[in-house]
Amino acid sequence: MKTVDFMLTTFRDGLQSAYGARVLTPDFLPAVEAAREAGIQWFEAGGGARFQSLYFYCNEDAFDMMDRFREAAGPDANLQTLSRGVNVVALDSQSADIVDLHAKLFRKHGITSIRNFDALNDVHNLVDSARSIKKHGLHHQVSITLMALPPGCEGAHDPDFYEKTLRDILDQEIPFDSVCFKDASGTATPSTVFETVIRARKLLPEGTYLHYHTHDTAGIAVQANMAALEAGADAIDLSFAPCSGGTCQVDVLTMWHALRGTDFKLDIDIDKIREAEDVFMDCMKDYYLPPEATKVEPMIPWCPMPGGALTANTQMLRDNGIMNKYPEIIRAMGDVVRKGGFGTSVTPVSQFYFQQAFNNVMHGPWEKISGPFGKMVLGYFGKTPCPADPEIVALASEQLGLESTDEHPINRNNKDPKKGIAAAEEWLKNEGLKANEENIFIVASCGEKGITFLKGEAEVMVRKNMLDQQLPTSSTQGQLKPRPDTAAVYEVKVDGDRFEVEIEGDRVTVDGQDVPVRVMNATKPVKKKRDQIRLICQASGYVFKVRCRAGDVVKEGETLIVLESLKMEMSVKAPVDGTVMDLPVYAGDEVSSGQILAVIKQSDR
């Protein structure tokens, strides 16, 4: 009987897939200790979205989190992180010196292994990161990213394509210690998984360690894991409830049960595992768990969103009151994947797909090309598995004002004066911040949000103790008290001071105190002056930066506000020359669709 190795993904991929990676480190560390006591020695401990999210939403240092994770897991544990090739742990690609600094710092802070992938399966994007990972003494697990194409599509993401990608890795002489087949959307069919692993076994040197990773979003993860094991895989990924099943990995208990009576087994004490899982369930009891996070989504084969992206995006739709648009966006995303060149739906490409599908539903098919999706089809992130639709490429070029390119991203980044160690050092110096290696990497990978964190100006934005009908808050506790179904709760700012306002019928309370207020009919149209233009928020998110003040004279095309939505930064620009008459939002505010962001009085012509 063969013993199956497994990595516990609960505290990285699980947190991302169930909670959008917005989980505070002290809250889950007791479960890491409990898993250690239960005999688990292989943990996914960071990287991917659990790097940037700590600075963006948790007001925590990811390097401190790694240090604390190492202490909780013990000195002998194998701690593994996730890296996106030339992007490492950012959404944008990096220069070679930052790619190298990533490996150096992760080793310094207790990491022993790095799983390294490229969403386009462009192996040129893996070369520098692989060499740096090996150079700094880490185990390099090179990855090929999997998904099933929407029904009716062909040309990539079949065993032939994955075999070719593996041959490209070997031809490029990319150094690696093990190989992973990574399916972030959980859509690769068991037959494809089986054939892919069989071919890999024949192509790779005897004894090469093979790992398979999937999610249960489509409901086939147990079957896919079994197919990989039967074909010769050595390891799979498993998780603990509530971060298991659905958008997450298969639960350890579920897989243990599925293997009973087969030729495979998990070498665990199942009773101790149950105790550790109970500890984690208790750790997460105060966090809001979206209902779709742990259930099967039958439409995923038509809309291959990875687990973490699915819940983040449905939360955005729910916050905007447009969850009814979800089926339409799924259909639109299938079309986006068909015409986008078949990059694997995993961060950051999954967000490119969803954002473009959202635009196609809200603005009309292909009327508005999103910047990241457009840059992908134009080649700025590398070569897509298949050529993108020529008409879409032409639209992207026209709308973004960019030409297609076949230059490797890292070569372009190495020439970019705004990227790299020197640029980050200069930025830190100008902000009066210490330019040590950790700070350099934080700024390079997190940009202005890294600066905000290092200056002590970041806020905690996690979802705790929330009801479905309530909006999240950006308070330091990240919590809302339960409210009556008929109450509306708002956070209001006046001259920089925050107030919590609750409106229920004609009753209004401010910070818990009743206020004598007459509530007017909010549906009555407000007459607006012809020369005043209101800038309206198109999707819920957070105000990251405000670049103007009331009274400022602005030029057409000037960026006034930077929002974060759909895991992307979006610039709100002045549509005309004019004067800012009203600016009702502040940095750190949460905003929703339809909200007024600014009012501009157009200049006389």
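Residues numbered from 1 in each chain as written. Predicted model: local features only at pLDDT ≥ 70, side-chain atom pairs only at ≥ 80, totals over all residues. Heavy atoms only, no water.

Draft legend 1. The arrangement of the packing of aromatic side chains in detail. In total, this model carries 20 aromatic pairs according to the counting rule given. The interplanar angle of 80° and the centroid separation of 5.5 Å between the aromatic rings of Phe 51 and Phe 441 together place this pair among those described as edge-to-face. Here Phe 51, found in helix 3 (residues 49–56), pairs with Phe 441, found in helix 19 (residues 437–454); they are 390 residues apart in sequence, far enough to count as distant. For Phe 51, a relative accessible area of 0% puts it in the buried group. Classification of Phe 441 by relative accessible area gives buried; the value is 0%. One aromatic cluster is present, built from ring pairs that chain together Phe 51, Tyr 55, Phe 63, Phe 106, Phe 441 and Phe 453. (Phe/Tyr/Trp six-rings, centres within 6.5 Å; stacked < 30°, edge-to-face > 60°. Helix = DSSP H or I, 4+ residues; strand = E, 2+ residues; numbered from the N terminus. Buried < 20%, exposed > 50% of the residue type's maximum accessible area, 1.4 Å probe, protein only.)

Draft legend 2. The arrangement of helix 18 (residues 421–430) in detail. Every buried residue of helix 18 is accounted for by Ala 423, Ala 424 and Leu 428. Projected down its long axis, helix 18 carries its buried residues within an arc of 135°, all on one side. The exposed residues of helix 18 that point more than 90 degrees off its buried face are Ala 422, Lys 429 and Asn 430. Contacts made by the buried residues of helix 18 are with helix 19. Trailing helix 18 by a residue or two, Gly 432 shows a phi angle of about 75°, which is positive. (Arc of directions from axis to C-beta. Contact = heavy atoms within 4.5 Å.)

Draft legend 3. Looking closely at helix 5 (residues 96–108). With 13 residues, helix 5 extends 19 Å between its outermost C-alpha atoms, agreeing within 8% with the 18 Å of an ideal straight helix rising 1.5 Å per residue. Among the residues making up helix 5, those that are buried are Ile 98, Val 99, Asp 100, Leu 101, His 102, Ala 103, Leu 105 and Phe 106. Taken from the residues just after helix 5, Gly 110 is the one with a positive phi, measuring 95°. (Expected span 1.5 Å × (residues − 1).)

Draft legend 4. Expanded view of the pattern of salt bridges. Following the criterion strictly, the structure yields 23 salt bridges and no others. A salt bridge links Asp 234 to Arg 201, with the nearest nitrogen and oxygen atoms 2.8 Å apart. With Asp 234 in the loop between helix 9 (221–231) and strand 9 (235–238) and Arg 201 in helix 8 (residues 190–203), this pair connects stretches of sequence that are 33 residues apart. Among the residues examined, Arg 201 registers a relative accessible area of 26% and is labelled partly exposed. Three or more residues joined by partner-sharing salt bridges are found here, namely Asp 160, Glu 163, Arg 167, Glu 195 and Arg 199. (Salt bridge = Lys/Arg side-chain N within 4 Å of Asp/Glu carboxyl O.)

Draft legend 5. View of the nonpolar core. The biggest cluster of nonpolar side chains holds 84 residues, and the ones touching the most others in it are Phe 43, Phe 51, Phe 69, Phe 280 and Phe 441. Non-local contacts of Phe 69, meaning those with residues more than four positions away in its chain, are made with Phe 11, Phe 28, Leu 29, Val 32, Phe 43, Glu 44, Ala 45 and Leu 79. Counting residues in each nonpolar core, the second largest holds 72 residues, with Ala 130, Ala 200, Ile 322 and Phe 354 among its members. (Core = buried A, V, L, I, M, F, W, Y, C linked by side-chain atoms within 4.5 Å.)

Draft legend 6. Layout of the side chain of Arg 12. With respect to the helices and strands, the residue Arg 12 is situated in helix 1 (residues 10–19). Among the polar contacts made by the side chain of Arg 12, one reaches the side chain of Gln 16 at a distance of 2.5 Å. Once you skip the residues sitting within four places of it in the chain, Arg 12 turns out to touch Glu 44, Ala 45, Gly 46, Gly 47, Gly 48, Ala 49, Arg 50 and Leu 82. (Polar contact = N/O pair within 3.5 Å; in protein donor to acceptor, adjacent residues only side chain to side chain.)

Draft legend 7. Just the sheet that holds strand 15 (residues 532–536), in detail. Taking strand neighbours across the sheet as the criterion, the 4 strands line up as 15-22-20-17 in an open arrangement whose pairing is antiparallel. At either end of the open sheet lies a strand with only one pairing partner, and these are strand 15 and strand 17 (553–554). Where strand 15 meets strand 22 (residues 596–602), 5 bridges bridge the pair, whose relative direction is antiparallel. Within the sheet, the bridge partner assigned to Gln 532 lies in strand 22 and is Lys 601. (Pairing = 2+ DSSP bridges.)

Draft legend 8. Inspection of unusual backbone geometry at higher detail. Residue Pro 242 is reached from Ala 241 by a cis peptide bond, and omega for that bond is 5°. With respect to the helices and strands, the residue Pro 242 is situated in the loop between strand 9 and helix 10 (252–258). Between Thr 347 and Pro 348 the backbone carries a cis peptide bond, its omega angle lying at 5°. Tracing the backbone through its elements, the reader meets Pro 348 in the loop between helix 13 (326–339) and helix 14 (349–363). Non-glycine residue Asn 59 carries a positive phi angle of around 55°. Position of Asn 59 among the secondary structure elements: in the loop between helix 3 and helix 4 (62–73). The partly exposed category is assigned to Asn 59, whose relative accessible area is 32%. Even without glycine at this site, Asn 121 takes up a positive phi of about 55°. When you line up the elements, Asn 121 lands in the loop between strand 5 (113–116) and helix 6 (127–135). The exposure class of Asn 121 is buried, given its relative accessible area of 11%.

Draft legend 9. Inspection of the pairing of strand 9 at higher detail. Here strand 9 shows no split at all, with Ala 235 and Asp 237 on one side and Ile 236 and Leu 238 on the other all buried. In this sheet, strand 9 lies alongside strand 2 (residues 5–8) in parallel orientation, the contact comprising 4 bridges. Paired with Met 7 across the strands is Asp 237, a residue of strand 9. As paired elements, strand 8 (residues 209–213) and strand 9 share 2 bridges and run parallel to each other.

Draft legend 10. Just the packing of helix 2 (residues 25–37) against helix 11 (residues 270–283), in detail. Running from N to C, helix 2 and helix 11 point in directions that differ by 180°, and their axes come no closer than 8 Å. Taken as axis vectors, helix 2 and helix 11 run roughly antiparallel relative to one another. Counting all contacts with helix 2, which are made through Asp 27, Phe 28, Pro 30, Ala 31, Ala 34, Ala 35 and Glu 37, the residues of helix 11 involved are Lys 272, Ala 276, Val 279, Phe 280 and Cys 283. Considered class by class, the residues forming the contact of helix 2 with helix 11 number 9 nonpolar, no polar and 3 charged. (Axes fitted to C-alpha atoms, helices over the stretch in contact; angles between N-to-C directions. Parallel < 35°, antiparallel > 145°, perpendicular 65-115°, else oblique. Nonpolar A, V, L, I, M, F, W, Y, C, P; charged D, E, K, R; others polar.)

Draft legend 11. Highlighting the confidence of the model for the chain. Taken over all residues, the pLDDT of the chain has a mean of 88, while the share at 70 or more is 88%. Segment residues 467–487 is flagged for pLDDT under 50; beyond a separation of four residues in sequence, or across chains, it makes 52 contacts in the model. Segment residues 518–528 is flagged for pLDDT under 50; beyond a separation of four residues in sequence, or across chains, it makes 5 contacts in the model. (pLDDT = per-residue confidence, 0-100.)

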